[in-house]
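Examination of the molecular architecture
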Amino acid sequence: MRILAIESSCDETSVAIIEDGKKVLTNVVYTQAIHQKYGGVVPEVASRRHIEKITLVLDEAMKEAGLTYNDIDKIAVTSEPGLIGSLMVGVNAAKTIGLAYNKPVIMVNHIYGHIYANYLEHDFIFPLIALVVSGGHTELVLMKKHFDFTVLGQTLDDAVGEAYDKVARVVEVGYPGGPILDKMAKTGKAIYPLPHIKLAKDSFDFSFSGLKSAVINLYNKYKAQNLTLNYNDLAASFQDAVVDVLVSKTKMAAQKYQAKQVLIAGGVAANSGLRARMQDEMDKMGIILTYPTIKNCTDNAAMIGVAGYFQDKEKLSSIYTTSN
Ligand code: KG4
Ligand code: ZN
């Protein structure tokens with residue numbers, strides 16, 4: 001079973017071909033660097049770039065795999081959530097190829113894709129808890145079997161990656177802020193007092209806007225008083241608060257649902273502090289922890305191909321429920 005996968009939900013135009021849900025024959029990712037100068041993704045610019053690049057990326061992927069569209073069985077494409085203009089480019093490309101070559105098109109949820117990025121390198125052991133942390137999402141998801149997702153909790157305001165990017169923009173260290181602040185945090189010490197917002201004790205929801213504001217307020221206060229703020233220490237303090245909250249809520253969910261595996265998914269799964277602290281805690285609990293290699297953490301079409309494979313295999317239009 002060969003799946004041609006297309007991802008265009010944000011600022012990456014990506015095309016992959018996945019064989020039998022695991023083997024990556026090609027995974028071409030074009031990242032739109034243009035957004036760096038704005039300190040964030042500009043939706044209209046993003047969709048226009050996707051239009052310019054989609055056929056080039058498709059051609060490159062087919063060439064790299066040495067295949068033609070006739071060698072493909074099915075097409076998987078990210079259909080939600082994401083920037084609407086950007087999503088439409090990928091979906092239209094998928095539908096056009098599907099129509100021209102008579103191939104079925106599987107509509108894939110981007111979050112499922114991030115979760116299934118883990119499957120490229122590790123099998124799943126159920127029940128598992130997935131911590132999905134990206135630029136647009138922060139969710140704790142319970143999976144009892146393939147393609148069965150129960151959202152236990154989610155952010156009530158900013159996503160983790162979004163908080164990283166906004167803090168980085170205010171302190172003017174560059175975009176995307178996550179990898180930059182992560183690197184700075186490595187040489188800093190968590191000396192600045194910042195709120196570790198855990199909401200209600202039994203809640204799996206998150207809130208990061210208060211923490212983000214606290215960092216920005218601290219920065220402005222030091223600036224106004226002409227005091228020296230150590231940026232690396234600030235990054236370390238911010239990261240410490242983020243990681244503490246993410247790890248403690250994940251531990252709570254893993255305990256409650258007797259998880260055999262915990263996985264981290266999404267762009268923020270690349271975070272070194274999160275990986276290290278989660279590993280320590282999961283080792284103590286005897287739970288298997290997985291996270292994708294760095295290149296598979298951020299948006300790419302291979303993960304959409306794997307999710308599409310399982311969606312099709314399970315013959316499900318997907319179960320996506322919210323727990324009480
Ligand atoms: O999953 P992704 O590529 O796009 C969305 O679906 O949103 O995630 C991008 C996000 C950005 O906010 C970026 O700053 C963050 O992931 N990110 C990180 C790291 N690498 C990427 N955040 C923290 N630490 C990192 N090392
Ligand atoms: Zn993503």
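Structural notes, computed from the coordinates. (Residues numbered from 1 in each chain as written. Chains lettered and ligands numbered in written order. Predicted model: local features only at pLDDT ≥ 70, side-chain atom pairs only at ≥ 80, totals over all residues. Heavy atoms only, no water.)

**Some points on the site of ligand 1**
- Within the structure, ligand 1 sits among 20 residues, and Gly 135, Asp 165, Gly 178, Gly 267 and Asn 271 are positioned closest to it.
- One nitrogen or oxygen atom from the side chain of Ser 134 is found 3.5 Å from an oxygen atom belonging to ligand 1.
- A distance of 2.8 Å is found between an oxygen atom of ligand 1 and a backbone nitrogen or oxygen belonging to Gly 135.
- Look at ligand 1: alone it shows 550 Å² of surface, and the protein chains cover 89% of it.
- Put simply, ligand 1 lies in the largest pocket.
- Contributions of two or more residues to the shell around ligand 1 are made by α3 (110-117), α4 (160-170) and α5 (177-187).
- For the shell around ligand 1, the leading source of residues is α5, giving four residues. (Near = heavy atom within 4 Å. Polar contact = N/O pair within 3.5 Å; in protein donor to acceptor, adjacent residues only side chain to side chain. Areas by Shrake-Rupley, 256 points an atom, 1.4 Å probe, with all protein chains shown as cover. 1 Å grid on protein atoms, 1.4 Å probe; cavity = no way out; pocket = protein on both sides within 12 Å on 5 of 7 lines; lining within 4 Å. Sits in = over half its atoms within 2 Å of the grid points. Helix = DSSP H or I, 4+ residues; strand = E, 2+ residues; numbered from the N terminus.)

**Considering the packing of aromatic side chains**
- Counting across every chain of the model gives 17 aromatic pairs.
- Measuring from centroid to centroid gives 5.1 Å for Tyr 116 and Phe 310, while their planes differ by 25°, and the two rings are stacked. You can see Tyr 116 sitting in helix α3 and its partner Phe 310 sitting in helix α10 (residues 301-313), a full 194 residues away along the chain.
- Tyr 116 sits in the buried class, given a relative accessible area of 0%.
- The structure contains a cluster of three or more aromatic residues connected by ring pairs, namely Tyr 112, Tyr 116, Tyr 119, Phe 124, Phe 126, Phe 147, Phe 149, Tyr 309 and Phe 310.
- One cation-aromatic arrangement involves Lys 22 over Tyr 119; the distance from NZ or CZ to the ring centre is 4.0 Å.
- A cation over a ring is seen here: Lys 53 above Tyr 30, with NZ or CZ 4.7 Å from the ring centre. (Phe/Tyr/Trp six-rings, centres within 6.5 Å; stacked < 30°, edge-to-face > 60°. Buried < 20%, exposed > 50% of the residue type's maximum accessible area, 1.4 Å probe, protein only. Lys NZ or Arg CZ within 6 Å of the ring centre and 35° of its normal.)

**Quick word on the packing of helix α7 (residues 231-256) against helix α8 (residues 272-285)**
- Where α7 meets α8, the closest approach of the two axes is 9 Å, and the angle between their N-to-C directions is 30°. Here α8 runs roughly parallel to α7, going by the angle between their axes. The interaxial crossing formed by α7 with α8 has right-handed handedness. Within the contact between the two elements, α7 uses Gln 239, Asp 240, Val 243, Asp 244, Leu 246, Val 247, Thr 250, Lys 251, Ala 254 and Gln 255 and α8 uses Ser 272, Gly 273, Leu 274, Arg 277, Met 278, Glu 281, Met 282 and Met 285. (Axes fitted to C-alpha atoms, helices over the stretch in contact; angles between N-to-C directions. Parallel < 35°, antiparallel > 145°, perpendicular 65-115°, else oblique. Left-handed = near helix turned anticlockwise from the far one by under 90°. Contact = heavy atoms within 4.5 Å.)

**Examining the coordination of the zinc ion (ligand 2)**
- At the metal site, the zinc ion (ligand 2) is ligated by His 110 (NE2), His 114 (NE2) and Asp 299 (OD), and these contacts range over 2.0 to 2.1 Å.
- For the zinc ion (ligand 2), the four donor atoms are set out with angles of 94 to 135° between them, so the coordination reads as tetrahedral.
- Within one chain, the residues serving as donors to the zinc ion (ligand 2) are arranged as H-x3-H-x184-D. With His 114 in helix α3 and Asp 299 in the loop between α9 (294-297) and α10, this residue pair connects regions lying 185 residues apart in the sequence. When sorted by exposure, His 114 lands in the same class as Asp 299, which is buried. (Donors = N, O, S within 2.8 Å, 3.2 Å for Na, K, Ca; no water. Tetrahedral: all angles 85-135°; square planar, octahedral: opposite > 155°, others 65-115°.)

**A short note on empty space enclosed by the protein**
- By the definition in use, this model includes one cavity of 30 Å³ or more.
- Of the pockets and cavities examined, the largest cavity occupies roughly 40 Å³.
- Forming the boundary of the largest cavity are Val 167, Val 171, Leu 181, Met 184, Val 215, Tyr 231, Leu 234, Ala 235 and Phe 238.
- Of all the elements in the fold, those that place two or more residues in the lining of the largest cavity are α5 and α7.
- Among the elements that line the lining of the largest cavity, the one with the most residues is α7, at four residues.
- Along the lines of polarity and charge, the residues of the lining of the largest cavity split into nine nonpolar, no polar and no charged. (Points joined across faces, edges and corners; volume = space filled by probe spheres on them. Nonpolar A, V, L, I, M, F, W, Y, C, P; charged D, E, K, R; others polar.)

**Let's talk about the sheet that holds strand β4 (residues 74-80)**
- Taking strand neighbours across the sheet as the criterion, the five strands line up as β3-β2-β1-β4-β5 in an open arrangement whose pairing is mixed. Because the sheet does not close on itself, it has two edges, and the strands there are β3 (23-31) and β5 (105-109). In this sheet, adjacent strand axes meet at a mean angle of 20° when their direction is disregarded.
- Of the strand pairs in this sheet, β4 and β5 are connected by five bridges, and their pairing is parallel. Its bridge partner lying in β5, Val 77 is registered against Met 107.
- Across the sheet, helix α2 (residues 84-101) is in contact with β1 (2-7), β4 and β5; its angle to β4 comes to roughly 155°. (Pairing = 2+ DSSP bridges.)

These values are about where atoms sit, not about what they do.
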